[in-house]
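Breakdown of the fold
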Amino acid sequence: MKTLFNQLPGIDALLRDARFAALHQRYGTQQLTRQLRQLQADARAHIIQHQQLPDWHDDWATEAAARLTNQLKSALLPVVNLTGTVLHTNLGRARMSEAAVQAVNSVMRQPVTLEYSLDNAERGHRDQALATLLCELTGAEDACIVNNNAAAVLLMLAALAPGKGVVVSRGELVEIGGAFRIPDVMRQAGCQLVEVGTTNRTHLKDYRQAIDDNTALLMKVHTSNYQIEGFTHAVDEAELATLAQQQQLPLVVDLGSGSLIDLTQYGLPAEPMPQRLIADGVSLVSFSGDKLLGGPQAGIVVGKRELIAKLQQHPLKRALRADKMTLAALEATLQLYRHPEQLAAALPTLRLLTRSQADIAAQAHRVLPALQQRFAAQWQLTVESCWSQIGSGSLPVDRLPSAAIVFTPRDESASLSALCATLRERDLPIIGRLQNGKLWLDLRCLDEDAQLLAGESV
Ligand SMILES: *Cc1c(COP(=O)(O)O)cnc(C)c1O
């Protein structure tokens, strides 16, 4: 073993070796030295375990180059989302429009008028331009933008009801996932949760009876990711807004997703619209930028001017504010809503949600033969109808008819986990969905056939 150790080259010798000159130039002394130390350590471990040199021992430069290239790869690798969930939180939710991509590109390169007005050279406020646009689109008086909708809810509660009571229906004390639970956010904001009604039924009188001197706020939470069916009752926003006005209390609504356009015109499930709630008399409405809106991760609050001013002045706003890239992407996204006729073409989220089953099925039949050639030995491949989901807290029961390529194992030798690994290890990894012992590739979000076929034709 000792003679094997003695054959390992020293770091200094390697660094002086001409074969490493290109790597040295490309990655610098620090990175290259660290990588060579790691190679040495790995080689020693290999000798101890196997009593022989590693197989890359005859070419350290190639091994070092491969490892350094690998390290250079981003942790945020592009993938093809064939899970059937359009707004997939783990895959980054909404894909940005070209307009948003361009806008972010430009603000990254140059100084921008983030908090600066060219008219009077005074410090402006960073949400101003967006607030104007949001007011136009929603009919609200003012707006506030933060990091995400969870932050928006936290800020509304902390700024409007510190140490005070917030009245919420027991049917709306939801968990959204990723540890966002209404009672926990309430505690973090320093508010006292006042639960009213029951899990399935809450009436206006429940809210009325709960209001006392300690009450600062009425709140409604859109129960976006689950549905109670049967003997149920909830108080709608307009009714609750009337009660809130009588009692001189603000009513805030956490809408979750929300849509600035009526989705039923595209044959999609109805989603509540912020502008309707504003018209119904709700004081503040919050929603996400990267759910149905189809923009960047952001939390948007629209509503009454004096309440928005309280949010803007609260110290938490500074901690939760959005950065210039987010604001640029959000502004470009909102601009698209000024031209609703072109929205389905310009906004990827809406384009994907509105793709017809016939179009998706035709694509599936087009790519099927090449995939069959590649996988036929172990898998039977078929095109089947399936249901896509909107995702990100939109109702899981609301499904969109779609089409999938389904991999069914021919015999025991076909391993689903090995198949998934093969698809994941491609240059452009494919992420599908396992169901009933089969792999389903829902093609709704496949832009181009080539993304699926690259490297698969024999
Ligand atoms: C998604 C959602 C949130 C959290 O929004 P993020 O933008 O993910 O922070 C909060 N409330 C509701 C009702 C939601 O659907």
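Scroll up a little and you will see the structure.
This structure is a prediction, so every number in the text was calculated from the model and none was measured.

As for the pattern of salt bridges
In this structure the tally under the stated criterion is 16 salt bridges. We note a salt bridge from Asp447 to Arg351, for which the minimum N-O separation is 3.9 Å. Of the two residues, Asp447 is situated in the loop between strand E16 (438–442) and helix H19 (449–453) and Arg351 in helix H16 (residues 348–353); the sequence distance between them amounts to 96 residues. The exposure class assigned to Arg351 is partly exposed, which follows from its relative accessible area of 31%. For the salt bridge of Arg355 with Asp359, the shortest nitrogen-to-oxygen distance reads 3.0 Å. Taking the relative accessible area as the measure of exposure, Asp359 reaches 36% and is therefore partly exposed. Each of Asp42, Glu63 and Arg67 takes part in a single network of salt bridges with overlapping partners.

Topic: the environment of Thr198
Relative to the helices and strands, Thr198 resides in the loop between strand E7 (192–196) and helix H9 (204–210). As for Thr198 and Glu172, which are separated by 26 residues in sequence, their C-alpha atoms are 9.7 Å apart. Non-local contacts of Thr198, meaning those with residues more than four positions away in its chain, are made with Ser169, Arg170 and Gly171. For Thr198, the side chain forms a polar contact with the side chain of Asn200, separated by 3.1 Å. Of note is the side chain of Thr198, whose polar atom sits 2.9 Å from the backbone oxygen of Arg201.

Some remarks on the sheet that holds strand E2 (residues 85–87)
Spatially, the five strands line up as an open sheet ordered E2-E12-E13-E16-E15, and their pairing is mixed. Two strands bound the open sheet, and with one partner strand each, they are E2 and strand E15 (433–435). Between one strand axis and the next, the sheet turns through 40 degrees on average, direction left out of account. Of the pairings in the sheet, the one linking E2 to strand E12 (residues 379–391) comprises two bridges and is parallel in character. If you follow Leu87 over to E12, its bridge partner there is Gly391. Along the sheet, helix H17 (residues 357–375) contacts E12 and strand E13 (399–409); its crossing angle with E12, the most-contacted strand, is approximately 140 degrees. In this fold helix H18 (residues 416–424) packs onto E12, E13, E15 and E16, with an angle of close to 30 degrees to the strand it touches most, E16.

Structural notes on the site of the ligand
The ligand sits among Arg93, Asn148, Asn149, Ala150, Ile176, Phe180, His222, Ser224, Asp254, Gly256, Ser288 and Lys291. Side-chain polar atom of Asp254 to a nitrogen atom of the ligand: 2.7 Å apart, as the coordinates give it. At 2.8 Å from an oxygen atom of the ligand is found a side-chain nitrogen or oxygen belonging to Lys291. Classifying every residue of the shell around the ligand by side-chain character gives three nonpolar, six polar and three charged.

Regarding the environment of Arg170
Secondary-structure assignment places Arg170 in the loop between strand E4 (165–169) and strand E5 (175–177). For the pair Arg170 and Arg201, spaced 31 residues apart in the sequence, the C-alpha separation amounts to 8.4 Å. Ignoring sequence-local partners within four residues, the contact set of Arg170 consists of Glu195, Val196, Gly197, Thr198, Thr199 and Thr202. Engagement of the side chain of Arg170 in a polar contact is seen with the side chain of Glu195, the distance being 2.9 Å.

Rules used in this analysis
- Residues numbered from 1 in each chain as written.
- Predicted model: local features only at pLDDT ≥ 70, side-chain atom pairs only at ≥ 80, totals over all residues.
- Heavy atoms only, no water.
- Salt bridge = Lys/Arg side-chain N within 4 Å of Asp/Glu carboxyl O.
- Helix = DSSP H or I, 4+ residues; strand = E, 2+ residues; numbered from the N terminus.
- Buried < 20%, exposed > 50% of the residue type's maximum accessible area, 1.4 Å probe, protein only.
- Contact = heavy atoms within 4.5 Å.
- Polar contact = N/O pair within 3.5 Å; in protein donor to acceptor, adjacent residues only side chain to side chain.
- Pairing = 2+ DSSP bridges.
- Axes fitted to C-alpha atoms, helices over the stretch in contact; angles between N-to-C directions.
- Near = heavy atom within 4 Å.
- Nonpolar A, V, L, I, M, F, W, Y, C, P; charged D, E, K, R; others polar.

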